[in-house]
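A structural walkthrough
The chain contents come next:
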Amino acid sequence: MALKPDSCVVLNDGHKIPVIGFGTYAPDTYTKEQAGESTKVAIDVGFRHIDCAFMYGNEVEVGQAIRSKIADGTVKREDIFYTGKLWSNNHTPERVQPALEKSLNDLQLDYMDLFLIHTPVELKPGDDPFPKDEDGKLIFNNTDIRDTWKALEACKDAGLVRSIGVSNFNRSQLELILNMPGLKYKPVCDQVECHIFLNQSKLLKFCKSQDIVLVGYSVLGSSRVENWIDQNSPQVLEDPVLNTVAKKLKRSPAQVAMRYLLQRGIVVLAKSFNPERIKQNFQVFDFELSDEDVLTLDGVNKNMRYLSIDVWKEHPKYPFHDEY
Ligand code: A2P
């Protein structure tokens, strides 16, 4: 079926997710207000799916932006698909619903469309999102993730969120949840890093077999924040093969990078704080890659992860030791 600006994927719980979403995480060089302003631009140019998280520190501003676009008649609440995420200091079951309620209060929304466990790695429960010991090392905790999941299921039953899912989970971590006794709701998605250099073909195949949607972040190669990302790593948008395909199709490398994922059935999150590029990133529905173009781009995969988050490596639930 041809992809259109309002195309959605039906989730395994019956709700629908728009195939393209706007990412709101900003490096420190941007203000939280800029995240809000960019969210308004994104809604104006057609984005209906907004991806945010408590950890981004901008739910107040992003919520304001969404509400202002509802107030001025551009959209209705039900047109918007809002994703939030449970941060790692709130995995213990009794902390899950209060964390969701705190986000909803910041957003001034009655419900989220999707709430994800942001990462399987857990930090010490408490108010500090990055608890550290005297040596400056992160303090880990290790709640059974299935107990966290049960608490998410209760949030769905309470009507605070329509759909629940996970992020940064590997296959065996997904299987742990899928195989848990008394599972009430399957995760609807796994949101993971995904781009032409990390095309996630194996995880995608597994997710499809389980009716789980793979949602891709850093699809343009991330914003390359210095603290987190190796500044010498190759850049997605400069890849020569991608640029050759883009030139042939008379599109930008960013548009082709997104289209490549969309055509493989991946839900794509694109992030930009530049109005022209936000607009450009939504213009991905009036051209198509041939099967041959897709195969050509398959060839540039190098299983290269930008966001490997080395400070988590010693946690027993570090997700990226496994191949996928
Ligand atoms: P900017 O905000 O200045 O547009 P990702 O979605 O992979 O995290 O990538 C985000 C990065 O890609 C940001 O640095 C963003 O910068 C840049 N970017 C977003 N859209 C485009 C585009 N269409 N062309 C070039 N760079 C883009």
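First, a word on what this report is: a plain description of the structure on this page. This is a predicted model, so every value here is computed, not measured.

Empty space within the second largest pocket amounts to approximately 310 Å³. As for the second largest pocket, its lining consists of 18 residues, of which L198, Q200, R305, E323 and Y324 are closest to the centre. Per-element tally for the lining of the second largest pocket: the top contributor is helix α6 (residues 201-209), with three residues. When the residues that make up the lining of the second largest pocket are grouped by side-chain class, the tally is seven nonpolar, seven polar and four charged.

Once that is clear, we can look at the sheet that holds strand β5 (residues 81-86). A barrel is described by the order of its strands in space; here eight strands give the closed sequence β3-β4-β5-β6-β9-β10-β11-β12, paired in parallel fashion. Looking at each pair of strands side by side, their axes are set apart by 30 degrees on average, direction ignored. Relative to strand β10 (residues 189-193), strand β9 (residues 161-167) runs parallel, the two sharing two bridges. Bridge pairing in β10 places V166 opposite D190. Strands β4 (49-51), β5 and β6 (112-117) of the sheet are contacted by helix α2 (residues 59-71), whose axis makes an angle of about 170 degrees with β5.

Counting through the fold element by element, N199 comes out in the loop between β10 and α6. When its relative accessible area of 5% is taken as the criterion, N199 is described as buried. Remark: the alpha-carbon pair of N199 and D72, spanning 127 residues in sequence, is separated by 39 Å. Apart from residues lying up to four places away in sequence, N199 is in contact with C194, Y260, R264, I266, D298 and N301. A polar side-chain atom of N199 sits 3.1 Å from the main-chain amide nitrogen of S201.

We now examine the pattern of salt bridges. Per the stated rule, a full pass over the model turns up 16 salt bridges. A salt bridge links K69 to D44, with the shortest nitrogen-to-oxygen separation between them at 3.0 Å. A residue pair is termed long-range when its members are at least 10 positions apart, and K69 in helix α2 and D44 in helix α1 (residues 32-45) qualify at 25 residues. Residue K69 is classed as buried on the basis of its relative accessible area, which comes to 8%. D144 is the salt-bridge partner of R146, the closest N and O atoms lying 2.9 Å from each other. Overall, R146 belongs to the partly exposed group, its relative accessible area being 27%. Several salt bridges share partner residues, and in doing so they unite D44, K69 and D72 into one network.

A few words now on the environment of H118. Topologically, H118 is positioned in the loop between β6 and β7 (122-123). Remark: the alpha-carbon pair of H118 and K85, spanning 33 residues in sequence, is separated by 5.2 Å. When residues no more than four places from it in sequence are discounted, the contact partners of H118 are A53, M55, Y56, K85, L86, W87, S167 and N168.

Close contact between helix α5 (residues 171-178) and α6 brings their axes to 11 Å; oriented N to C, the two are set at 15 degrees. Comparing their axes, α6 and α5 come out roughly parallel. Crossing of α5 against α6: the hand is right-handed. Residues R171, L174, E175 and L178 of α5 form the contact with α6, whose own contacting residues are L203, F206 and C207. Among the residues making up the contact of α5 with α6, the classes are represented as five nonpolar, no polar and two charged.

It is worth spelling out the site of the ligand at this point. Around the ligand, the structure places 16 residues, and the nearest of them are L220, S222, S272, F273 and R277. In this structure, an oxygen atom belonging to the ligand sits 2.6 Å away from a side-chain N or O atom of R277. Here a nitrogen atom of the ligand sits 2.8 Å away from a polar atom, N or O, in the side chain of N281. Alone, the ligand offers 570 Å² of accessible surface; in the complex the protein occludes 81% of this. Here the residues of the shell around the ligand sort into six nonpolar, eight polar and two charged.

Rules used in this analysis
- Residues numbered from 1 in each chain as written.
- Predicted model: local features only at pLDDT ≥ 70, side-chain atom pairs only at ≥ 80, totals over all residues.
- Heavy atoms only, no water.
- 1 Å grid on protein atoms, 1.4 Å probe; cavity = no way out; pocket = protein on both sides within 12 Å on 5 of 7 lines; lining within 4 Å.
- Points joined across faces, edges and corners; volume = space filled by probe spheres on them.
- Helix = DSSP H or I, 4+ residues; strand = E, 2+ residues; numbered from the N terminus.
- Nonpolar A, V, L, I, M, F, W, Y, C, P; charged D, E, K, R; others polar.
- Pairing = 2+ DSSP bridges.
- Axes fitted to C-alpha atoms, helices over the stretch in contact; angles between N-to-C directions.
- Contact = heavy atoms within 4.5 Å.
- Buried < 20%, exposed > 50% of the residue type's maximum accessible area, 1.4 Å probe, protein only.
- Polar contact = N/O pair within 3.5 Å; in protein donor to acceptor, adjacent residues only side chain to side chain.
- Salt bridge = Lys/Arg side-chain N within 4 Å of Asp/Glu carboxyl O.
- Parallel < 35°, antiparallel > 145°, perpendicular 65-115°, else oblique.
- Left-handed = near helix turned anticlockwise from the far one by under 90°.
- Near = heavy atom within 4 Å.
- Areas by Shrake-Rupley, 256 points an atom, 1.4 Å probe, with all protein chains shown as cover.

The analysis is restricted to geometry; functional conclusions fall outside its scope.
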